[in-house]
Amino acid sequence: MPDAALWTALADPHRRAIVALLLERPRSVGEIVEACGLSQPSTSKHLKVLREAGLVRVRQDAQRRVYALDPGPIAALDAWLAPYRALWNKSLDALGRRLDETPDTPEPPAAKD
């Protein structure tokens, strides 16, 4: 099961937005601040939580700090979710088969005498 820090980090909607942003490409703190509409100190706090959970890596590029997504923890989360995804897929497949067997047009209600 993934580390509790991973779940805690992903529980916050701002941090999930940052992860989604970094999925596109690595970004500087300034770019993340601008894209997310958060203050620089707030963004830095969120990035610290993500870094401590192992979700992001940071590198220095001259005066800028550039953050990138670390795929390792996401892969671990994906592996943990796989059996649950399979369960849902089976249920959805069964629902699809049931819907395929159902007539397209409902029959009108019987007239009452």
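Quick caveat: nothing in here was measured; it's all calculated off a predicted structure.

Description of the pattern of salt bridges
Close approach of charged atoms allows side chains of opposite charge to pair.
And then number 1: One pass over the structure, following the stated rule, counts five salt bridges.
And then number 2: We note a salt bridge from Arg-25 to Glu-31, for which the minimum N-O separation is 3.1 Å.
And then number 3: Residue class for Glu-31 comes out partly exposed when judged on its relative accessible area of 27%.

Here we look at the packing of aromatic side chains
Any two aromatic rings considered together are summarised by their centre-to-centre distance and by the angle between their planes.
And then number 1: Counted according to the given criterion, the structure contains two aromatic pairs.
And then number 2: With centroids separated by 5.4 Å and ring planes inclined at 75 degrees, the aromatic side chains of Trp-7 and Trp-80 adopt a geometry described as edge-to-face. Of this pair, Trp-7 sits in helix α1 (residues 4-11) while Trp-80 sits in helix α5 (residues 71-101), and the two are 73 residues apart along the sequence.
And then number 3: By relative accessible area, Trp-7 is classed as partly exposed at 33%.
And then number 4: Taking relative accessible area as the criterion, Trp-80 reaches 26% and is therefore assigned partly exposed.
And then number 5: For the ring pair Trp-80 and Tyr-84, a centre distance of 5.1 Å and an interplane angle of 40 degrees mean the geometry is tilted.

A closer look at the sheet that holds strand β2 (residues 56-61)
And then number 1: With antiparallel pairing, the three strands of this open sheet are ordered in space as β1-β3-β2. Bordering the open sheet on either side are β1 (27-28) and β2, each of which pairs with just one other strand.
And then number 2: Two elements, β2 and strand β3 (residues 64-69), share six bridges in a ladder whose sense is antiparallel. Paired with Arg-59 across the two strands is Val-66, which belongs to β3.

Rules of the game
Residues numbered from 1 in each chain as written. Predicted model: local features only at pLDDT ≥ 70, side-chain atom pairs only at ≥ 80, totals over all residues. Heavy atoms only, no water. Salt bridge = Lys/Arg side-chain N within 4 Å of Asp/Glu carboxyl O. Buried < 20%, exposed > 50% of the residue type's maximum accessible area, 1.4 Å probe, protein only. Phe/Tyr/Trp six-rings, centres within 6.5 Å; stacked < 30°, edge-to-face > 60°. Helix = DSSP H or I, 4+ residues; strand = E, 2+ residues; numbered from the N terminus. Pairing = 2+ DSSP bridges.

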